[in-house]
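Below, each chain spelled out in residue letters.
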Amino acid sequence: MLILLPPSETKARPSRGAPMRVDALSFPELTGRREEVIDAVINASGLEDAQRILYVPSTLGAEVEGNLAIRTRPARPALEIYQGVLYDALDAPSLSPGGRRRAARRLVISSAVYGAVRAGDRIAPYRASMCAHLPEVGKLAHRWKESLDPVLSAAAGKGLIVDCRSGEYAATWRPTGALAERWVAVRVPGASHMAKHTRGLVARVLCESDADPRRPAGLIPLLENDFRIELHEPAKPGAGWTLDVLPH
């Protein structure tokens, strides 16, 4: 099973520790693109209109300045860097030992700077949106879309793809062909805060379960005790499944 998560705007900023090594991250096929994007983010962060370019609110200038040191600042595992509503609900530190092992294997987090990372990858915090349009590389969403398909298609293997992403992050990779038959987008009706919280809870339940269903219907017994769920077949061939989820 592959569980796709969005990143978070809120990130931990550790004060101590070794810097990241780009060549040590999962999905080494992305190393060249990561180097390209990191350089572009650093260069853009030094410009007068950096916040506009990076699609960051004008009140967060200090966080944009932090991008200048992305290669040298302390790094921590991705599940420690990403914070906020979804990651609070996931509550990785309280997962059981088995849950932590499965999180390391199953979770893949989308990133405007790193493309995609696994839970244990040591990354440096950054501030940039997938909507950013950088002078050297263009729109980040388009740039990553060029690279992610072969990498994530291989990572999906023969299991389900449970997609908790939305917006620009979801657009960077859409499973196609036979993969679309195992692709389930998690949809949460209601406000954004509720959607993020519920997706975090779904990811947690799936990490704590040792079941590894190969068909979308196999998610129902894993989730029905914790949520009200409704599974919808694809509206057309190749469109993927949709799982509506609400807490009880």
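In the block above lies the structure referred to throughout.
These notes cover the structure that comes with them. All figures in this text were calculated on a predicted structure; none of them were measured in a lab.

Moving on to the packing of aromatic side chains. Under the criterion given, the structure shown has three aromatic pairs. Measuring from centroid to centroid gives 5.8 Å for Y82 and Y87, while their planes differ by 25°, and the two rings are stacked. Each member of the pair, Y82 as well as Y87, carries the same accessibility label: buried. Both rings, one in Y82 and one in Y126, keep their centres 6.5 Å apart while their planes meet at 80°; by these two values the pair is edge-to-face. Of this pair, Y82 sits in the loop between α4 (78-81) and α5 (85-90) while Y126 sits in the loop between β5 (122-123) and β6 (133-134), placing them 44 residues apart in sequence. Judged by its relative accessible area of 1%, Y82 is buried. An aromatic cluster is built from Y82, Y87, Y114 and Y126, whose rings are joined through pairwise contacts. A cation over an aromatic ring shows up here: K11 above the ring of Y126, its NZ or CZ 4.4 Å from the ring centre.

Quick look at the packing of helix α6 (residues 97-106) against helix α9 (residues 192-208) now. Where α6 contacts α9, the axes come no closer than 8 Å and their chain directions differ by 110°. Taken together, the axes of α6 and α9 are roughly perpendicular relative to one another. Handedness of the α6/α9 crossing: right-handed. Along its contact with α6, which presents G98, G99, R102, A103 and R106, the element α9 presents L206, C207 and E208.

This part takes up unusual backbone geometry. Despite not being glycine, Y55 has its phi angle at roughly 65°, a positive value. Positionally, Y55 belongs in the loop between α2 (50-54) and α3 (61-66). Even without a glycine there, the phi angle at D91 is positive, about 50°. By the element assignment, D91 lies in the loop between α5 and α6.

What follows covers the side chain of D244. By the element assignment, D244 lies in strand β11 (residues 241-247). Of note is the side chain of D244, whose polar atom sits 2.5 Å from the side chain of R187. Dropping the residues within four chain positions of it, D244 is found in contact with R187, R228, I229, E230 and H232.

A two-sided burial pattern is seen for strand β1 (residues 2-5), the buried positions comprising L2 and L4 on one face and I3 and L5 on the other. In this structure, β1 lies alongside strand β8 (residues 161-163), joined through three bridges in parallel fashion. Residue pairing across strands places I3 opposite V162, the latter belonging to β8. Sheet topology places β1 next to strand β3 (residues 107-111); three bridges connect them, and they run parallel.

All right, on to the nonpolar core then. Considering soluble globular proteins, one finds that nonpolar side chains tend to be buried as a cluster. One finds L5, Y114 and L134 to be the most contacted residues of the largest nonpolar core, which totals 82 residues. Residue contributions to this core peak at seven residues, all from helix α7 (residues 140-156). Once residues within four sequence positions are removed from consideration, L134 is found in contact with A40, V41, A44, I53, L54 and L140.

Counting across every chain of the model gives 16 salt bridges. Put simply, R71 and E35 hold a salt bridge, and the shortest N to O gap is 2.6 Å. Of this pair, R71 sits in the loop between α3 and β2 (76-77) while E35 is found in helix α1 (residues 31-45), placing the two residues 36 residues apart along the sequence. Exposure remark for E35: the relative accessible area of 29% places this residue in the partly exposed category.

This part covers the packing of α1 against α7. When two helices pack together, their arrangement is given by the angle between their axes and by how far apart the axes lie. Contact geometry of α1 with α7 gives a least axis separation of 10 Å together with a crossing angle of 170°. In terms of axis orientation, α1 runs roughly antiparallel to α7. The segment α1 lies against α7, with R33, R34, E36 and V37 engaging L140, R143, W144, E146 and S147. Counted by class, the contact of α1 with α7 contains three nonpolar, one polar and five charged residues.

This brings us to the side chain of R106. With respect to the secondary-structure elements, R106 resides in helix α6. Within the buried core, R106 has no salt-bridge partner, and the shortest N-O distance to an opposite charge, that of D212, equals 4.5 Å. Engagement of the side chain of R106 in a polar contact is seen with the backbone oxygen of S209, the distance being 3.0 Å.

About the cut-offs
Residues numbered from 1 in each chain as written. Predicted model: local features only at pLDDT ≥ 70, side-chain atom pairs only at ≥ 80, totals over all residues. Heavy atoms only, no water. Phe/Tyr/Trp six-rings, centres within 6.5 Å; stacked < 30°, edge-to-face > 60°. Buried < 20%, exposed > 50% of the residue type's maximum accessible area, 1.4 Å probe, protein only. Helix = DSSP H or I, 4+ residues; strand = E, 2+ residues; numbered from the N terminus. Lys NZ or Arg CZ within 6 Å of the ring centre and 35° of its normal. Axes fitted to C-alpha atoms, helices over the stretch in contact; angles between N-to-C directions. Parallel < 35°, antiparallel > 145°, perpendicular 65-115°, else oblique. Left-handed = near helix turned anticlockwise from the far one by under 90°. Contact = heavy atoms within 4.5 Å. Polar contact = N/O pair within 3.5 Å; in protein donor to acceptor, adjacent residues only side chain to side chain. Pairing = 2+ DSSP bridges. Core = buried A, V, L, I, M, F, W, Y, C linked by side-chain atoms within 4.5 Å. Salt bridge = Lys/Arg side-chain N within 4 Å of Asp/Glu carboxyl O. Nonpolar A, V, L, I, M, F, W, Y, C, P; charged D, E, K, R; others polar. Lys, Arg positive; Asp, Glu negative; His and termini not counted.

Interpretation in functional terms is not warranted from these geometric data alone.
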